[in-house]
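Each chain is listed here by its residues.
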Amino acid sequence: MQKDNPNAERYITIARACLKAINDTAANSGSRDEKIQAVYEAIDSAFQAEFSDYRQSVAIMSTVLERIASGQLDAEKAADLARKTLDQQPEGTRNALMH
């Protein structure tokens, strides 16, 4: 993975969670299906944690777009609201690719 990739740390965190789950399940007794489920849950938890900022930012921006689209704001108020929303988004979501 390229070090200049904005998601490198996210991928590394998710990979570590996967490896930990695999190592943990290898040492435990249990069925193959239980072990696969444990790894799946670790992957899902890691993804949920890493992308929570994105989901929150998208939800806020969606609300702002709905207000602007309603037509109840004049152009200047709509532009001001858009600027304020962009300024408040989490640092991790600015100019970062999702993949």
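Trainee: What should I look at first to understand the overall build of the chain in this one?
Mentor: Within the chain, the secondary structure is distributed over four helices and zero strands. Secondary structure elements of the chain occur, N-terminal to C-terminal, as α-α-α-α. Counting across all 99 residues of the chain, residues that qualify as buried make up 21%. Within the chain, residue pairs in contact and separated by at least 24 positions form 56% of the contacts whose partners lie at least 6 positions apart. Roughly 7,500 Å² of accessible area belongs to the chain as shown, and the carbon and sulfur atoms make up 55% of that amount.

Trainee: Help me out: how do you make sense of the packing of helix α3 (residues 52-69) against helix α4 (residues 75-88) in this one?
Mentor: Each pair of packed helices can be described by the angle between their axes along with the distance between the axes. At a minimum axis separation of 10 Å, α3 and α4 run at an interaxial angle of 180°. The orientation of α3 with respect to α4, classified from their angle, is roughly antiparallel. Residues I60, M61, V64, R67 and I68 of α3 lie in contact with α4, whose contacting residues are A78, L81, A82, T85 and L86.

Trainee: I'm lost on the environment of N23 in this one. Help?
Mentor: Assignment of secondary structure puts N23 in helix α1 (residues 8-27). The class for N23 is exposed, based on a relative accessible area of 54%.

The rules behind the values
- Residues numbered from 1 in each chain as written.
- Predicted model: local features only at pLDDT ≥ 70, side-chain atom pairs only at ≥ 80, totals over all residues.
- Heavy atoms only, no water.
- Helix = DSSP H or I, 4+ residues; strand = E, 2+ residues; numbered from the N terminus.
- Buried < 20%, exposed > 50% of the residue type's maximum accessible area, 1.4 Å probe, protein only.
- Contact = heavy atoms within 4.5 Å.
- Areas by Shrake-Rupley, 256 points an atom, 1.4 Å probe, with all protein chains shown as cover.
- Axes fitted to C-alpha atoms, helices over the stretch in contact; angles between N-to-C directions.
- Parallel < 35°, antiparallel > 145°, perpendicular 65-115°, else oblique.

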